Amino acid sequence: MSVVALLEPQALDPQLELAELTEAARGDGAIVTFVGLARPESKQGNAVDALVLDHHPALTRQSLQDIAVACAERFDVSHVRLVHRCGTVPAREPIVFAGAASLHRRSAFDAINYLMDRLKTEAVFWKREVGDAGSAWVEPTEADFADRDRWG
Amino acid sequence: MEMELRIRFYGRLADAIAPEIELATGGCSISDLRSRIASDYPVVEATLGRSRACVGDSIAGDEQQVSDADVVEFLPPVSGG
């Protein structure tokens, strides 16, 4: 089993990340991936030029690692690969890549669902949307917390 | 020179106050520190109440005592993905 959790300050290329995961998953039968993109519009309908992700010098990497390891231990997966952007992410560009490989598909689907639900509420980032309307901080919603809580 | 407690902020707290400030406290609890910051910067009172305090990259409870040699960090609610 392998767990890779990376904090990426530069552009994130999902195809490269998938290639890395595919290379690691030679004996597996399934790979499930999720790519999160920076939305070009806020919930209030304002145009967003970029998402800015502030992070903590130590706790952010640790949170990514902890969540990825918990995911690998909880589900029957062979490999977990998590890459999360920090810094300024232009709208429509990838913010996160989450991938899991397993012998059979169900556990990889469940693993990625779990990983993303925890990332939304526990990964140590502070996000703000920047656009013509100014800058607005984004925090987890009640729905995000409910999504996380369903895993117990 | 007299030592002052260094306090680091992240996210919207850094935006509203500064990434880092220094305060001479002579030693106090995290709870005292929260009160003092909220008094000095009333605009962050609600966010501060929802923020975790950390000392040495570990969560610090409100009763924990800190000295002016410490660095205390306040982390507002986080969100990744």
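Fair warning: this is a prediction, and the values are worked out from it, not measured in the lab. (Residues numbered from 1 in each chain as written. Chains lettered and ligands numbered in written order. Predicted model: local features only at pLDDT ≥ 70, side-chain atom pairs only at ≥ 80, totals over all residues.)

*Asks:* So what's going on with the overall build of chain B? Residues and values would help.
*Replies:* Counting its regular elements, chain B contains three helices and seven strands. For 81 residues, the compact-globule estimate of 2.2 N^0.38 gives 12 Å, and the C-alpha radius of gyration of chain B, at 12 Å, lies within 12% of that figure. Here the C-alpha coordinates of chain B stretch approximately 40 × 25 × 20 Å along the principal axes. When each of the 81 residues of chain B is scored for burial, the buried share is 32%. Expressed as a percentage of contacts within chain B between residues at least 6 apart in sequence, the contacts between residues at least 24 apart total 59%. (Helix = DSSP H or I, 4+ residues; strand = E, 2+ residues; numbered from the N terminus. Rg over C-alpha atoms; globule rule 2.2 N^0.38 Å. Buried ≥ 20, exposed ≤ 12 C-beta atoms within 10 Å, placed from the backbone. Contact = placed C-beta atoms within 7 Å.)

*Asks:* So, the sheet that holds strand E5 (residues 58-60) of chain B: which residues are in play, and what are the values?
*Replies:* All names here are of chain B. With mixed pairing, five strands are arranged side by side in an open sheet as E2-E1-E7-E4-E5. At either margin of the open sheet sits one strand with a lone partner, and together these are strand E2 (20-23) and E5. The average angle at which neighbouring strand axes cross in this sheet is 35°, direction not considered. Pairing between strand E4 (residues 52-55) and strand E7 (residues 71-75): four bridges, direction antiparallel. (Pairing = 2+ DSSP bridges. Axes fitted to C-alpha atoms, helices over the stretch in contact; angles between N-to-C directions.)

*Asks:* Account for the environment of Val32(A), with residues named and values stated.
*Replies:* Within the secondary structure layout, Val32(A) lies in strand E2 (residues 30-37). In the structure, Val32(A) is positioned 81 residues away from Asn113(A) in sequence and 9.9 Å away in space, judged by C-alpha atoms.

*Asks:* Describe the sheet that holds strand E6 (residues 94-102) of chain A, listing the residues and the values that go with them.
*Replies:* What holds strands together in a sheet is hydrogen bonding between their backbones, with the strands either parallel or antiparallel. Residues and elements named next belong to chain A. In space, the four strands of this open sheet follow the order E1-E4-E6-E2, with mixed pairing throughout. The open sheet terminates on both sides in strands that have one partner only, identified here as strand E1 (2-8) and E2. Across the sheet, the mean angle from the axis of one strand to that of its neighbour is 5°, orientation sign disregarded. When strand E4 (residues 79-85) meets E6, the two strands line up antiparallel, connected through six bridges. Paired with Leu-82 across the bridge in E6 is Ala-98. Contacting E1, E2, E4 and E6, helix H1 (residues 14-24) crosses the sheet at an angle of about 15° to E6. Packing of helix H2 (residues 59-74) onto the sheet brings it into contact with E1 and E4, and relative to E1 it is tilted by some 155°.

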